[in-house]
Amino acid sequence: MFTHLQRVLLLGQGAKGGITKRLQRMTSTGAGHRSKRALVLDYDYASGSVTEHTSDESARDFMLGGETGIYTSMRTVGGGRRVFLLDDHLQRLGDSHRMELPRDAARRDDPAYWRRVLLPLLGRGLAAFGAECPDEEAKITVLADTAAARVHFTCLYGRDGPPSAGCQVRLVTGVTRENPEAKSIRWVHQREALEALLVAPTNEVVLTDGRRFYEGISSNFFATRKRENTRGNAGPEYLDYQLVSAPRDRVLLGTVMKLVLRICDRDGIEVVYDPALDFARWSGAFVTSTSRWVLPVATIVAGGADSIGSVGDGDAMAPSPARQHRVDADDPLVAHLRESVRSMAAENSTKV
């Protein structure tokens, strides 16, 4: 899937295993860090037994340890005992199971199954793990296959702290997900080569086809632009802007993305599903994910030799020169959506 990009990265490293070594040195998102111990609960479907152990694995390494199956990543709010958008994550597990794993008598494609199984595990894990992150929320990663479910608890940000507003993202061309609607472990392994581009100050890699954007490798991506006919002083300034989004059926509808779209519907914000790479019209941009919530972007890097993936039958596209495009990290619509998501966190969470 990433034939050309992998060749570029491997040549740059000059040795077998170079990508892995480089990934361990990344600092922009905390990937590869083992700054605090994690807790892992293993639930065996057949016996119903639960085993518990501590681990030095980061959430990323924990996911890469899975060979097949599905996953979801959650976070806590309000001091570590409330899970943000829990129902959305349970629905995602059910939907992903239906698309990626065989149907079974236990009906693991039903979100109700995951509610029965995960709520006791989440409560037990957060109670046991709370002392590890006394001043920080927890990140929870769930892996599931045909035999067991595994739940990994770690500090949300670890040693690096939360990402800074006004981050940089890098666009790559010619890379697509096989099934963007499912959270498959297969995608975790496929995107590993792209993670080598996450070198500070780059916070995220965004997939494009050279003309349109789709999504980040672990986030959703949006742009904003000024409306052609603004409302003047008739309402809040953010209503003078449109939200530009990839089509809903071409990306994974992340939990925070769905909340952003609900806010737009509530506040009368126009959403335009026209993801053309029209940098000249964009006033702002941001990425959304469980850990980032709404993270404003200041710099978009497009082009360059390491921004090309495999295309069509595997022929590589000729790279264009790398260019930086600046957008306003304090864009009024981005600021409104960011604050709205933060303010709605508690009411959109579940105590466990």
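Residues numbered from 1 in each chain as written. Predicted model: local features only at pLDDT ≥ 70, side-chain atom pairs only at ≥ 80, totals over all residues. Heavy atoms only, no water.

A. Just the environment of Val-142, in detail. Looking at where Val-142 falls in the secondary structure, it is placed in strand β5 (residues 138-144). By relative accessible area, Val-142 is classed as buried at 0%. For the pair Val-142 and His-152, spaced ten residues apart in sequence, the C-alpha to C-alpha distance is 6.5 Å. (Helix = DSSP H or I, 4+ residues; strand = E, 2+ residues; numbered from the N terminus. Buried < 20%, exposed > 50% of the residue type's maximum accessible area, 1.4 Å probe, protein only.)

B. Structural detail: the sheet that holds strand β3 (residues 70-77). Spatial ordering of the open sheet is given by β2-β1-β6-β5-β3-β4-β16, a layout of seven strands whose pairing is antiparallel. Only two strands of the sheet have a single neighbouring strand rather than two, namely β2 (50-55) and β16 (349-351). The mean angle between the axes of side-by-side strands here comes to 25 degrees, regardless of whether they run parallel or antiparallel. Relative to β3, helix α4 (residues 86-100) is tilted by about 175 degrees, and along the sheet it contacts β3, β4 (82-84), β5 and β16. Across the sheet, helix α5 (residues 111-129) lies against β1 (38-44), β2, β3, β4, β5 and β6 (148-155), angled at about 35 degrees from β6, the strand it touches most. (Pairing = 2+ DSSP bridges. Axes fitted to C-alpha atoms, helices over the stretch in contact; angles between N-to-C directions. Contact = heavy atoms within 4.5 Å.)

C. The pairing of strand β13 (residues 282-289), seen in detail. In terms of burial, β13 is largely enclosed, as eight of its eight residues are buried. Bridging between strand β10 (residues 220-226) and β13 involves six bridges; their strand directions are antiparallel. Bridge pairing links Asn-220 to Thr-288 in β13. Two strands pair when backbone bridges link them, and β13 and strand β14 (residues 293-302) are joined in this way by four bridges, in the antiparallel orientation.

D. The arrangement of the environment of Arg-115 in detail. Summarising the element assignment, Arg-115 is placed in helix α5. Note on Arg-115: relative accessible area 33%, which makes it partly exposed.

E. Structural detail: the side chain of Ser-55. Counting through the fold element by element, Ser-55 comes out in strand β2. Of the polar contacts made by the side chain of Ser-55, one reaches the backbone nitrogen of Glu-57; its length is 2.9 Å. (Polar contact = N/O pair within 3.5 Å; in protein donor to acceptor, adjacent residues only side chain to side chain.)

F. A look at the nonpolar core. Phe-221, Leu-243, Val-260, Ile-300 and Leu-337 are the most contacted members of the largest nonpolar core, which has 45 residues in total. Those elements giving two or more residues to this core turn out to be β7 (167-173), β9 (213-216), β10, β11 (241-245), α8 (255-267), β13, β14 and α9 (332-343). Per-element tally for this core: the top contributor is α8, with seven residues. When neighbours within four sequence positions are excluded, Leu-243 is seen to be in contact with Phe-222, Ala-223, Thr-224, Val-260, Leu-261, Cys-264, Glu-270, Val-271, Val-272, Phe-286, Leu-333 and Leu-337. (Core = buried A, V, L, I, M, F, W, Y, C linked by side-chain atoms within 4.5 Å.)

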